[in-house]
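# Observations on the model geometry
Here is how the chains run, residue by residue.
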Amino acid sequence: MQSAEEVTRCPDCGHQIRVDRRYVTWCEKCDWNVDPTPLLDLTPAWRLRVEQRLVDSLYRELERGAIHRPSWDAARITANLLSVLILLLPLIAFLTGIGLLIFYRPLWFSIILALLALTIAFVFRPRAGHIDEANIWYSQVGWRFRPVIGIGLPLWIGLRPQERVAILAHEFGHGRHGDLRSGWLIGNAHSVLEGLSATFSESPLDAARREWGAEELSGGTLFSRMVNATVGTVVRGLSAVLNRLELRSGQRNEYLADRRAGEVAGSEAAAHALERTLLADTSYDAMVRALRFPSELAPLDAVRRAVTEVPAREIERRLRVSRVHGTRTDATHPPTYLRTKLIRTRPATSARVVMGIDQARNIDRELASAAEQVLKEVKAEL
Ligand SMILES: [Zn+2]
Ligand SMILES: [Zn+2]
């Protein structure tokens, strides 16, 4: 269902570019309009440069074959220790508060100190973990830390058999490397810091008010501004340090899990699977459209068709967007274009697990009733 081919000239470099009305028009020569909705990013330029250097040097080491397994380097150990401290802080503060009330006299003074300690405990309390809207996730649930892999239905449906093997192998690869235990720790520390940073930062409304000069300096606003400036700065600093420590080990783990996926499913399938994850929103939109405007095509078949119809040029554009964004969208994952490049630069010889079309169909049949239920729920929500 290819639309009539149109061409136009790039306004930046004059290169002739193809136009497909269903997708973004961009220039492959100079990257004009490669990302029509750029991220609003306030990260200082020096930090972006530091991160970029880190990302590049890690990539080069992996490309040379200098890294084979995750190691407990200084950065990883420090990140874990820092996370333990952040998570232990509320407990220590809570116990200190209670201890002060029981043992410390005079009582009026111990009440003041205890209030302070209990406030710290409350402010730093661990937040309940939530499942983010990512399309693929792996975590351990419950007190027995049972591993659970979550893959969005439309994304899964759009994967070819061998790509499914690759995605599963990647996620199980994390489990083998023990990434999850430290992931759980650091992830929780992050969510505590995020909650704090949201509490102790100037809201856009405050900034706007100051801009318009409409704010008079009452004692209350002065106090809250002081707290934001001190606690907020400490929290943001901690968060930046943790990010920086985690960047390298987090990204290295992703590359190693990718390598594992290549060994199990074959390198080409592993690289394709990553490219498919760039189409997650396409498959989701196709599912929603099919539910809203039912046709003779079953919703999941519509998803499958929408994903296979995406031209290679659009996939290439999305890969380039991942290069432009660098670590901005997600610091723990290397940009997808580097991941697929590494997989293809150091390919595994052959696949250890080969899934045939029949097996893939059997899986679809097995999932059919659950999928039906999901579609019903999504439809009810629309
Ligand atoms: Zn151009
Ligand atoms: Zn991963």
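No experiment lies behind these values; they were computed from the predicted model shown. (Residues numbered from 1 in each chain as written. Chains lettered and ligands numbered in written order. Predicted model: local features only at pLDDT ≥ 70, side-chain atom pairs only at ≥ 80, totals over all residues. Heavy atoms only, no water.)

### Focus: the overall build of the protein chain
When you go through the protein chain residue by residue, the secondary structure sums to 14 helices and four strands. The 382 residues of the protein chain split such that 38% are buried. Long-range contacts, defined as pairs at least 24 residues apart, comprise 72% of the intrachain contacts of the protein chain with a sequence gap of at least 6. For the protein chain, the accessible surface area stands at approximately 22,700 Å², while carbon and sulfur atoms represent 60% of it. (Helix = DSSP H or I, 4+ residues; strand = E, 2+ residues; numbered from the N terminus. Buried < 20%, exposed > 50% of the residue type's maximum accessible area, 1.4 Å probe, protein only. Contact = heavy atoms within 4.5 Å. Areas by Shrake-Rupley, 256 points an atom, 1.4 Å probe, with all protein chains shown as cover.)

### Observations concerning the packing of helix α2 (residues 74-103) against helix α3 (residues 107-123)
Here α2 crosses α3 at 165°, and the two axes come no closer than 8 Å. For the element pair α2 / α3, the angle class is roughly antiparallel. Taken as a pair, α2 and α3 cross one another with a handedness that is left-handed. The residues of α3 that touch α2, namely those facing L89, P90, A93, F94, G97, L100 and L101, are L107, S110, I111, L113, A114, A117, L118, I120 and A121. Taken together, the residues of the contact of α2 with α3 sort by class into 14 nonpolar, two polar and no charged. (Axes fitted to C-alpha atoms, helices over the stretch in contact; angles between N-to-C directions. Parallel < 35°, antiparallel > 145°, perpendicular 65-115°, else oblique. Left-handed = near helix turned anticlockwise from the far one by under 90°. Nonpolar A, V, L, I, M, F, W, Y, C, P; charged D, E, K, R; others polar.)

### Regarding the packing of helix α9 (residues 267-277) against helix α13 (residues 336-345)
Across the interface, α9 lies against α13 with an axial gap of 9 Å and an inter-helix angle of 170°. With respect to their mutual orientation, α9 and α13 come out roughly antiparallel. Listed contacts from α13 to S267, E268, A270, A271, H272, L274 and E275 of α9 are T336, R339, T340, I343 and R344. Of the residues belonging to the contact of α9 with α13, the class tally is four nonpolar, four polar and four charged.

### Considering the packing of aromatic side chains
Taken as a whole and assessed by the stated rule, the structure comprises three aromatic pairs. Taking 5.5 Å as the distance between ring centres and 65° as the angle between the ring planes, the aromatic pair formed by W108 and F109 counts as edge-to-face. The exposure class of W108 is exposed, given its relative accessible area of 57%. Take F109: its relative accessible area is 32%, and that puts it in the partly exposed class. What links up through ring pairs into an aromatic cluster is the set Y104, W108 and F109. (Phe/Tyr/Trp six-rings, centres within 6.5 Å; stacked < 30°, edge-to-face > 60°.)

### Digging into the coordination of the zinc ion (ligand 1)
Within the first shell, the zinc ion (ligand 1) binds the protein through C10 (SG), C13 (SG), C27 (SG) and C30 (SG), at distances of 2.2 to 2.4 Å. Taken together, the four donor atoms surrounding the zinc ion (ligand 1) define angles of 106 to 116° at the centre, an arrangement classified as tetrahedral. In terms of primary sequence, the donors binding the zinc ion (ligand 1) are separated according to C-x2-C-x13-C-x2-C. Take C27: its relative accessible area is 0%, and that puts it in the buried class. C30 sits in the partly exposed class, given a relative accessible area of 32%. (Donors = N, O, S within 2.8 Å, 3.2 Å for Na, K, Ca; no water. Tetrahedral: all angles 85-135°; square planar, octahedral: opposite > 155°, others 65-115°.)

### Structural notes on the environment of P347
Mapped onto the elements, P347 comes out in the loop between α13 and α14 (357-381). When its relative accessible area of 51% is taken as the criterion, P347 is described as exposed. Residues P347 and A271, 76 residues apart in the sequence, show an inter-C-alpha distance of 9.9 Å.

### Brief notes about the pattern of salt bridges
Scanning all chains against the criterion turns up 21 salt bridges. Measuring nitrogen to oxygen at the nearest pair gives 3.1 Å for the salt bridge that ties D20 to R22. One network of salt bridges, in which partners are shared, links D31, E316, R320 and R323. (Salt bridge = Lys/Arg side-chain N within 4 Å of Asp/Glu carboxyl O.)

### Regarding helix α10 (residues 280-292)
With 13 residues, α10 should reach 18 Å at 1.5 Å per residue; the first-to-last C-alpha distance of 19 Å fits that figure. All of the buried residues along α10 are A280, T282, S283, A286, M287, V288, A290 and L291. Contacts from the buried residues of α10 go to α4 (153-157), α9, α11 (299-309), α12 (312-325) and α14. (Expected span 1.5 Å × (residues − 1).)

### Re the coordination of the zinc ion (ligand 2)
In ideal tetrahedral geometry, four donors around a metal make angles of 109.5 degrees, whereas ideal octahedral geometry with six donors gives angles of 90 or 180 degrees. Surrounding the zinc ion (ligand 2) are the protein donor atoms H170 (NE2), H174 (NE2) and E254 (OE), which sit 2.1 Å from the metal. In terms of primary sequence, the donors binding the zinc ion (ligand 2) are separated according to H-x3-H-x79-E. Here H170 is found in helix α5 (residues 161-176), whereas its partner E254 is found in helix α8 (residues 219-265), with 84 residues between them in sequence.

### Here we look at the confidence of the model for the protein chain
On average, the protein chain scores 84 in pLDDT, and the residues at 70 or more come to 86%. Within the protein chain, α9 carries the highest mean pLDDT (94), whereas helix α7 (residues 204-211) carries the lowest (62). (pLDDT = per-residue confidence, 0-100.)

### Overview of α5
The first and last C-alpha atoms of α5 sit 23 Å apart over 16 residues, in line with the 22 Å expected at 1.5 Å per residue. α5 sits mainly inside the fold: twelve of its 16 residues count as buried. Among the residues of α5, P161, Q162, E163, R164, V165, A166, I167, A169, H170, E171, G173 and H174 are the ones counted as buried.

### Details of the side chain of D258
The residue D258 is located in helix α8 in this model. The buried category is assigned to D258, whose relative accessible area is 4%. Of the polar contacts made by the side chain of D258, one reaches the side chain of R339; its length is 2.8 Å. With near-sequence residues (within four places) excluded, D258 lies in contact with H170, L274, R339 and I343. (Polar contact = N/O pair within 3.5 Å; in protein donor to acceptor, adjacent residues only side chain to side chain.)

### Some details on the nonpolar core
One finds V165, A166, A261, A265, A270 and I343 to be the most contacted residues of the largest nonpolar core, which totals 17 residues. Counting residues per element, this core draws most heavily on α9, at five residues. Excluding its chain neighbours within four sequence positions, the residues that come into contact with V165 are V264, A265, V353 and M355. (Core = buried A, V, L, I, M, F, W, Y, C linked by side-chain atoms within 4.5 Å.)

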